[in-house]
Amino acid sequence: MKLTGKLHSFESCGTVDGPGIRFIVFTQGCPLRCKYCHNPDTWDLKDAKYERDIEFTINEIKKYKPFFRNGGGLTVTGGEPFVQINYIEALFKRAKEEGIHTAVDTSGYIFNDRVKEVLEYVDLVLLDIKSINPDTYKELTGVELENTLKFAEYLDSIGKPVWIRHVVVPGITDKKENLEKLADYVSKLKNVEKIELLPFHQLGTHKWEEMNLEYQLKDVKEPTAGDMKAARQIFRDKGLNVG
Ligand code: SF4
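In this text the structure is predicted, and so the values were computed from the model without any measurement.

Novice: Residue-level account of the UniProt feature "domain: Radical SAM core" (unreviewed entry) in the protein, with values.
Specialist: Taking the numbering used here, the UniProt-annotated feature "domain: Radical SAM core" (unreviewed entry) corresponds to residues 16-237. In the segment residues 16-237, helix accounts for 36% and strand for 18%; the C-alpha atoms at its two ends are 24 Å apart.

The structure is reproduced here in structure tokens:
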């Protein structure tokens, strides 16, 4: 039987999920329930808009190869890409055969021996640490932090290039001591090329309404430019490269 992936969408010329110009594959399915999720329509596998085999997807990606000069390539995001581990493994393998740079954008929540095998075909991991505080992490995502940190430490042990992502949500993830603790943790990892601090925004709210889900962050304000500058400085003070 042909291996197919349940997919949410493709984006052909992405510029915010990894280096250069990238073809982005959004996979369906996620075990987390982040309160600020912009894509709650990716949570359930059965809501997939498309089901595509590997050759279909790789042929779409290959059309954009001329744009991948200067470090661009393929990024698989979600949802949580490792939900469909066999599919993304085959996709990354084919991309590497085509000489395409590969990146995966993950929460790190799914971490096991199969994930380690797939990482052999991944050039860069965009690892989203949603909070370094276990209680805040659980409250924000519905799941435990532990696997994400194990994932981060495994990536460090094999020297896999990583960009750490963190969304700054006023009143939830922006406490100075938590940002300092995260900066401290990340500064001890030797493989982190960059930190991306992303400001919380309300742009995905309509999807929660359309899906009749209760959106708990409707009264949360977006962080100001000054808030973001202060947050970034905490990481710079630890000698980290903040993008
Ligand atoms: S991990 Fe990503 S897709 Fe999953 S709930 Fe969180 S923000 Fe949404």
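Past the structure itself, the notes keep going.
Novice: Can you tell me about helix α6 (residues 176-187), naming the residues and giving the values?
Specialist: Taking 1.5 Å as the rise per residue, α6 with twelve residues should run 16 Å; its terminal C-alpha atoms sit 16 Å apart, in good agreement. Among the residues of α6, those classed as buried are N178, L179, L182, A183, Y185 and V186. The buried residues of α6 occupy an angular sector of 160 degrees when the element is viewed end-on, so they sit on one face. Opposite the buried face of α6, at more than 90 degrees from it, the exposed residues are K176 and E177. Residues of α6 that are buried make contact with α4 (134-141), α5 (146-158), β7 (162-168), β8 (192-199) and α8 (225-236).

Novice: Before we move on, could you go through the site of the ligand and cite the residues and values that matter?
Specialist: Around the ligand, the neighbouring residues are C30, L32, C34, C37, T42, W43, G79 and K130. Among the residues forming the shell around the ligand, the class breakdown is five nonpolar, two polar and one charged.

Novice: Describe the sheet that holds β7, and please don't skip the residues or the numbers.
Specialist: Reading across the sheet, the eight strands line up as β3-β1-β2-β4-β5-β6-β7-β8 and stay open at both edges, with mixed pairing between neighbours. In the strand order of this sheet, the two ends are held by β3 (50-53) and β8, each with one partner. Adjacent strand axes in the sheet meet at a mean angle of 30 degrees when their direction is disregarded. Alignment of strand β2 (residues 22-27) against strand β4 (residues 73-77), held across five bridges, turns out to be parallel. By the bridge assignment, F26 is partnered in β4 with T77. The strands that helix α1 (residues 54-62) touches are β1 (4-14), β2, β3 and β4; relative to β3, the one it contacts most, it runs at about 90 degrees.

Novice: Quick one: what's the story with the packing of aromatic side chains, residue by residue and with numbers?
Specialist: Enumeration according to the criterion identifies eight aromatic pairs in this entry. For the pair Y64 and F67, a centre-to-centre distance of 6.1 Å together with 35 degrees between the ring planes defines the contact as tilted. For F67, a relative accessible area of 42% translates into the label partly exposed. Following the ring pairs from residue to residue traces out a cluster consisting of F10, F23, Y64 and F67. Above the face of the F56 ring, R52 is positioned so that its terminal group lies 4.5 Å from the ring centre. Residue placement shows K194 over the ring face of W163; its charged tip is 3.9 Å from the ring centre.

Novice: Lay out the nonpolar core in plain terms, naming residues and giving numbers.
Specialist: Among the nonpolar cores identified, the biggest contains 69 residues, and L74, F82 and F235 are the most heavily contacted of them. The biggest single contributor to this core is helix α2 (residues 85-97), with six residues. Once you skip the residues sitting within four places of it in the chain, F82 turns out to touch I88, V104, T106, I110, V115, V118, L119 and F151.

Basis of the calculations
Residues numbered from 1 in each chain as written. Predicted model: local features only at pLDDT ≥ 70, side-chain atom pairs only at ≥ 80, totals over all residues. Heavy atoms only, no water. UniProt positions renumbered as here; feature names shortened; annotations may be inferred. Helix = DSSP H or I, 4+ residues; strand = E, 2+ residues; numbered from the N terminus. Expected span 1.5 Å × (residues − 1). Buried < 20%, exposed > 50% of the residue type's maximum accessible area, 1.4 Å probe, protein only. Arc of directions from axis to C-beta. Contact = heavy atoms within 4.5 Å. Near = heavy atom within 4 Å. Nonpolar A, V, L, I, M, F, W, Y, C, P; charged D, E, K, R; others polar. Pairing = 2+ DSSP bridges. Axes fitted to C-alpha atoms, helices over the stretch in contact; angles between N-to-C directions. Phe/Tyr/Trp six-rings, centres within 6.5 Å; stacked < 30°, edge-to-face > 60°. Lys NZ or Arg CZ within 6 Å of the ring centre and 35° of its normal. Core = buried A, V, L, I, M, F, W, Y, C linked by side-chain atoms within 4.5 Å.

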